[in-house]
Amino acid sequence: MIAPVLHGRKKEDAVMSKLLELVERKEAKIAVIGLGYVGLPVAACLADAGFSVTGVDLKADRLARIAKGECPIEGEEPGLAPMITKVVAEKKLVVTNDYKNLADVDIVLIDVDTPVEADNKPAYKALRGACEALGAVMKEGILVIVESTIAPGTVDKVVAPLLEKVSGKKRNEGFFLGHCPERVMPGRLLQNLTQLSRVCGGSTPETAKAMVALYRSIVKGDLDEADCVTAELVKTAENTYRDVNIAFANELAMICESSGGKFLRVRELVNKSPGRNVLLSGAGVGGHCITKDPWLLAHGAPGLDTKVIAAARARNDGMPAHVLSLVESGLAEAGKKLAGAKLAILGFSYLEDSDDTRHAPTEYFLGHAKAAGVECVVHDPYVEEFKGDLWKVLEGADAAVVMVAHTAYRSLDLHAVASKLRTKVFVDARHVFDVGAARAAGLVVRSLGNAVAAKDGVST
Ligand code: SAJ
């Protein structure tokens, strides 16, 4: 009996049900392209769940370390290193830089970086490169899932056409597409990957179902079926939502400074109102997610003037300069000019208790300070370059500026800090210290979101 030649919908259903069967039996061959802080954990988890996984990366040193069962990701990642050692030893995870090894895989996850260019447009060089290399070797009926954060419309307008062009296959016939955005966070990669809910955006409803079956093998959180553009919108919107809310907190803090308010107290009372959740003002927004995803979301509507997104990005990017103005104000009260001053900068990483320095607000602060003729000495207990002795950094400085709320700073003896400073100015841009306590230590204080004490000594 010759099997009937299937076309269109019937063919798609047959391909997807076969794939579903392979996934449920853990027999689907999987590849993960990009073995960074997103790709490597998911490759290890899928291998640990019983799948045969081929990891692909361009970095030879990273491949070499993984092939030895080591974890090349810096920082503490609970559970990840032993999992990699185990799955590599079991040969459930193998690594390569040769796409020819993907010729027989059934599912490919793409986890490459998707930054934005200087003009805030998506930079898809890595994504295009992965698609071109994969398209040349991928077999009939493959499911390609992009996990990297991408602008709305990218699967439809960038990934699909490129795979069609290079492979000669047609979407939803010769191959199927999905977008399942990651929600991992450095420091808790495995925890987030296995616990958090995820959107399974499929190029067809059956594809979304197959994706749910795949991710169910490693994810305990909700797995919500959707189409690709919904998944693209959800991920970029959730980070844009955070950026806009941080921008509001920053603007509110600046209004408090001018109007005599205390930001933390105002925030505490506002947040008692149902449905309010004012975030924390700070020295700026760093990292590689929140700083770029708003621009990816905006790219989803090229003709629209995305005022709110752009204004929030501008407000947050303006915070390092605002902190420098607080320094200038404190120095002025102490009778010192900004130009020629020497500052001790506490914190360089973009996030407290992290060594990640991508788009760190302090980096932008240092640029503004240099332009103003100010000398800065930086300390950071997590960043190799700045791990020195904090007391040496403070020695002889005209101001201490808290840019990152590292736990190590919270127990600082402010009297001891004051004794080291040449000019006793203290600027807290992360709500770490009580203003009154800092003043009692003999410091001239500027604290983000707090009005300067009135001359009559009424502390704020
Ligand atoms: N920040 C503030 N005020 C706040 C919160 C953050 O100024 O109230 C600053 C931080 O200092 C940092 C930047 O914003 O410089 C980003 O902080 P973040 O806590 O958002 O941490 P990220 O960049 O690691 O964001 C990640 C994102 N996760 C993923 O993209 C998978 C984001 O979606 C999460 O909401 C966030 O972690 C989180 O919730 O911790």
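Quantities reported herein were computed from a predicted structural model and do not represent experimental measurements.

Thoughts on the overall build of the protein
Then, in step 1: Scanning the protein for helices and strands turns up 18 helices and 13 strands.
Then, in step 2: Seen through its principal axes, the protein has C-alpha atoms that stretch 100 × 45 × 40 Å.
Then, in step 3: Expressed as a percentage of its 460 residues, the buried residues of the protein come to 52%.

Considering the pairing of strand β5 (residues 142-146)
Then, in step 1: Burial analysis of β5 places five of its five residues in the buried class, the great majority of the element.
Then, in step 2: The side-chain alternation of β5 yields two buried faces, one formed by Ile142, Val144 and Val146 and the other by Leu143 and Ile145.
Then, in step 3: Examined bridge by bridge, strand β4 (residues 107-110) and β5 share four bridges and lie parallel to one another. Residue pairing in the sheet places Leu109 in a bridge with Ile145 of β5.
Then, in step 4: As judged from the five bridges shared by β5 and strand β6 (residues 175-179), these two strands associate in the parallel manner.

Things to note about the site of the ligand
Then, in step 1: Lining the immediate surroundings of the ligand are 18 residues, of which Asn239, Arg242, Leu280, Gly286 and Tyr350 lie closest.
Then, in step 2: Within the contact set of the ligand, an oxygen atom lies 2.4 Å away from a side-chain nitrogen or oxygen of Asn239.
Then, in step 3: Out of a free accessible area of 740 Å², the ligand has 85% covered by protein chains.
Then, in step 4: Assessed atom by atom at 2 Å from the grid points, the ligand resides in the second largest pocket.
Then, in step 5: Class assignment of the residues belonging to the shell around the ligand gives a composition of 10 nonpolar, three polar and five charged.
Then, in step 6: Counting only domains with at least three residues in the shell around the ligand, you end up with domain 1 (2-227) and domain 2 (318-447).

Some points on the packing of aromatic side chains
Then, in step 1: In the structure shown here, the tally under the stated rule is two aromatic pairs.
Then, in step 2: Consider the rings of Phe348 and Phe386, whose centres lie 4.9 Å apart with planes at 40°: the pair is tilted. Taken together, the residues Phe348 in the loop between β9 (342-346) and α14 (361-371) and Phe386 in the loop between β10 (375-379) and α15 (390-394) connect sequence positions 38 residues apart.
Then, in step 3: Take Phe348: its relative accessible area is 11%, and that puts it in the buried class.
Then, in step 4: Judged by centre distance (5.2 Å) and plane angle (80°), the rings of Phe426 and Phe433 are edge-to-face.
Then, in step 5: Assessed through its relative accessible area of 0%, Phe426 is described here as buried.

What about the domain arrangement of the protein?
Then, in step 1: For the protein, the assigned domains read domain 1 (2-227) and domain 2 (318-447).
Then, in step 2: Relative to domain 2, the C-alpha centre of domain 1 lies at a distance of 43 Å.
Then, in step 3: Across the boundary between the two partners, domain 1 contributes five residues, which contact four residues of domain 2.
Then, in step 4: Interface area, domain 1 with domain 2, both sides summed: about 220 Å², of which 57% is carbon and sulfur.
Then, in step 5: Three residues, Tyr37, Met185 and Pro186, lead the burial of domain 1 against domain 2; their summed loss comes to 76% of the area buried on that side.

Re empty space enclosed by the protein
Then, in step 1: Overall, the coordinates contain two cavities of 30 Å³ or more when judged by the stated rule.
Then, in step 2: Lining the second largest cavity we find Arg183, Val184, Asn192, Leu193, Leu196, Ser197 and Arg198.
Then, in step 3: Of the residues in the lining of the second largest cavity, the class split is three nonpolar, two polar and two charged.

Points about the nonpolar core
Then, in step 1: Core analysis: the biggest nonpolar cluster contains 49 residues, and Ile107, Leu214 and Tyr215 have the highest contact counts within it.
Then, in step 2: Counting residues per element, this core draws most heavily on helix α2 (residues 39-48), which supplies seven residues.
Then, in step 3: Not counting chain neighbours up to four residues away, the residues in contact with Tyr215 comprise Leu109, Ile145, Glu147, Cys180, Arg198, Cys200 and Leu223.
Then, in step 4: One finds Leu252, Val374, Phe386 and Val401 within the second-largest nonpolar core, a separate group that totals 35 residues.

Considering the sheet that holds β4
Then, in step 1: Spatial ordering of the open sheet is given by β3-β2-β1-β4-β5-β6-β7-β8, a layout of eight strands whose pairing is mixed. If you trace the sheet from one side to the other, it starts and ends with β3 (93-96) and β8 (223-227), each paired once. Ignoring strand direction, the axes of neighbouring strands in this sheet form an average angle of 25°.
Then, in step 2: Where strand β2 (residues 52-56) meets β3, four bridges bridge the pair, whose relative direction is parallel. When the sheet's bridge partners are listed, Thr54 is paired in β3 with Val94.
Then, in step 3: Helix-sheet contacts for helix α5 (residues 125-135) involve β1 (29-33), β4 and β5, and the interaxial angle to β4 is about 160°.

Overview of the layout of surface pockets
Here the idea is plain: a probe the size of a water molecule rolls over the atoms and shows the empty space left.
Then, in step 1: Empty space within the second largest pocket amounts to approximately 910 Å³.
Then, in step 2: Here the residues of the lining of the second largest pocket are counted per class, giving 16 nonpolar, 10 polar and eight charged.

About the criteria used
- Residues numbered from 1 in each chain as written.
- Predicted model: local features only at pLDDT ≥ 70, side-chain atom pairs only at ≥ 80, totals over all residues.
- Heavy atoms only, no water.
- Helix = DSSP H or I, 4+ residues; strand = E, 2+ residues; numbered from the N terminus.
- Buried < 20%, exposed > 50% of the residue type's maximum accessible area, 1.4 Å probe, protein only.
- Pairing = 2+ DSSP bridges.
- Near = heavy atom within 4 Å.
- Polar contact = N/O pair within 3.5 Å; in protein donor to acceptor, adjacent residues only side chain to side chain.
- Areas by Shrake-Rupley, 256 points an atom, 1.4 Å probe, with all protein chains shown as cover.
- 1 Å grid on protein atoms, 1.4 Å probe; cavity = no way out; pocket = protein on both sides within 12 Å on 5 of 7 lines; lining within 4 Å.
- Sits in = over half its atoms within 2 Å of the grid points.
- Nonpolar A, V, L, I, M, F, W, Y, C, P; charged D, E, K, R; others polar.
- Domains from an automatic or database assignment.
- Phe/Tyr/Trp six-rings, centres within 6.5 Å; stacked < 30°, edge-to-face > 60°.
- Contact = heavy atoms within 4.5 Å.
- Buried area = accessible area lost by both parts, 1.4 Å probe.
- Points joined across faces, edges and corners; volume = space filled by probe spheres on them.
- Core = buried A, V, L, I, M, F, W, Y, C linked by side-chain atoms within 4.5 Å.
- Axes fitted to C-alpha atoms, helices over the stretch in contact; angles between N-to-C directions.

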